[in-house]
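Survey of secondary and tertiary structure
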Amino acid sequence: MEASEAGRYWEGNAETWTRHVRAGRDVYRDALNSPAFLAMLPPIEGLQGLDIGCGEGANTRAVARLGARMQGIDIAPTFIRHAQSAEEAEPLGIAYRVADAAALPFEAGAFDFATAFMSLMDMPDPGRALAEARRVLKPGGFLQFSILHPCFMPPHRKVLRDAKGDAWAVEVGGYFGAVDGAVQQWHFETLSTEEKASSRPFQTPRFHRTLSQWVDALGQAGLAIERLVEPCASPELAAAEPIVADTRIVPLALIVRARPSACLDPPDPRP
Ligand SMILES: C[S@@+](CC[C@H](N)C(=O)[O-])C[C@H]1O[C@@H](n2cnc3c(N)ncnc32)[C@H](O)[C@@H]1O
């Protein structure tokens with residue numbers, strides 16, 4: 001599948017997606033994954049940042065509120081329109097534009113850092129997107145991105161529950177099966193039955209890569225892993241938002257921070 005075709009699916013989701021996420025229906029994002037991502041960021045005050053696959057911009061705004069000067073790109077024009085409207089309503093100095101992550105419209109070395117919240121996994125060629133992110137980073141810059149966890153969110157995942165309905169295990173399968181653009185239909189789990197019946201389901205092209213494929217793609221893009229975080233709900237959060245309780249068994253997301261490889265090379269010991 002070409003990025004443009006995947007982008008058309010996201011464009012088709014953008015109106016409903018924006019309405020649901022702004023109504024707080026993406027509990028994994030708002031309660032667990034984004035707070036973990038933001039907590040993992042190094043200091044970014046005053047730095048120039050790019051958010052890749054920014055969607056309607058909630059996470060771009062969160063990063064801007066930490067003091068960075070942000071730009072955001074997304075392939076779906078409707079997401080960018082909603083992100084721009086939010087910027088007009090509450091200016092944070094964010095510039096948005098429609099662009100494909102695999103062909104970023106920026107000069108090499110334009111940014112101190114880049115973020116990609118749950119977007120690289122939705123692209124047909126994440127290797128190219130990683131290489132593009134690397135290209136637009138200044139020397140010493142970093143890319144921090146989150147993806148569905150390759151090991152615990154492969155093509156098959158089923159939460160197993162006890163008689164009380166509490167999650168106790170997660171069944172996974174199809175890890176080594178190639179999934180390259182199969183279109184899945186789904187709703188946020190938090191929607192009521194009536195809401196599901198009256199909303200258009202999302203249609204998202206699914207691309208599954210194994211953990212070793214992600215690590216190889218990072219290496220080929222010239223990026224070296226600096227830190228990994230696997231968000232896990234605290235007991236308090238799991239009690240308050242039971243939907244995320246399954247992340248106390250195994251993680252749903254993986255957050256990676258990487259830097260251009262040369263920055264992590266050990267110093268040359270020769271005099
Ligand atoms: C799961 S959503 C995440 C949105 C946002 N980052 C957030 O956390 O709310 C994935 C996003 O990736 C975008 N996307 C998919 N393919 C893309 C591409 N090739 N270039 C740029 N954005 C892309 C989609 O339009 C969508 O906004």
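Here the structure is a predicted model, which means the values were calculated and not measured. The numbers attached to residues start from 1 for each chain and follow its sequence in the written order. Side-chain atom pairs in this predicted model are given and counted only at pLDDT of 80 or more, local residue features only at pLDDT of at least 70, and totals for whole chains, interfaces and linings cover all residues. Excluding hydrogens and water, the side-chain figures rest on all heavy atoms present in the structure.

1. A few points about the pattern of salt bridges
Whenever a carboxyl oxygen of Asp or Glu lies within 4 Å of a side-chain nitrogen of Lys or Arg, that contact is scored as a salt bridge. Under the counting rule described, the total for this entry stands at 13 salt bridges. One salt bridge connects Glu-56 with Arg-61, and the closest N-O pair in it is separated by 3.2 Å. Only protein chains enter the accessibility calculation, which uses a 1.4 Å probe. A residue is then buried if its area is under 20% of the maximum for its type, exposed if over 50%, and partly exposed in between. Judged by its relative accessible area of 2%, Glu-56 is buried. Residue class for Arg-61 comes out buried when judged on its relative accessible area of 10%. Counted as one network, the salt bridges with shared partners bring together Arg-22, Arg-29, Asp-30, Glu-56 and Arg-61.

2. Describing a nonpolar patch on the surface
Where nonpolar side chains cluster on the molecular surface, the patch consists of Leu-211, Val-215, Ile-225 and Leu-228 and spans about 310 Å² of accessible area. Numbering of helices and strands starts at the N terminus; helices are DSSP runs of H or I of at least 4 residues and strands are runs of E of at least 2. Elements supplying a minimum of two residues to the nonpolar patch: α7 (211-220) and β10 (223-229). Within the secondary structure, Val-215 is located in helix α7. Residue Val-215 is classed as partly exposed on the basis of its relative accessible area of 40%. Exposure above 30% relative accessible area and no salt bridge define the residues that can form patches, which grow by joining like charges within 9 Å and nonpolar side chains of Val, Leu, Ile, Met, Phe, Trp and Tyr within 5 Å. The Shrake-Rupley method, run with a 1.4 Å probe sphere, supplies the accessible areas, and residue values consider only the shown protein chains as cover.

3. Focus: the side chain of Arg-257
Tracing the sequence through the fold places Arg-257 in strand β11 (residues 253-260). Among the polar contacts listed, one links the side chain of Arg-257 to the side chain of Glu-226, at a separation of 2.6 Å. Throughout this description, a polar contact denotes any pair of N or O atoms lying within 3.5 Å of each other; where both atoms belong to protein, one of them has to be capable of donating a hydrogen while the other can accept it, and for residues adjacent in sequence the pair is counted only when both atoms sit in side chains.

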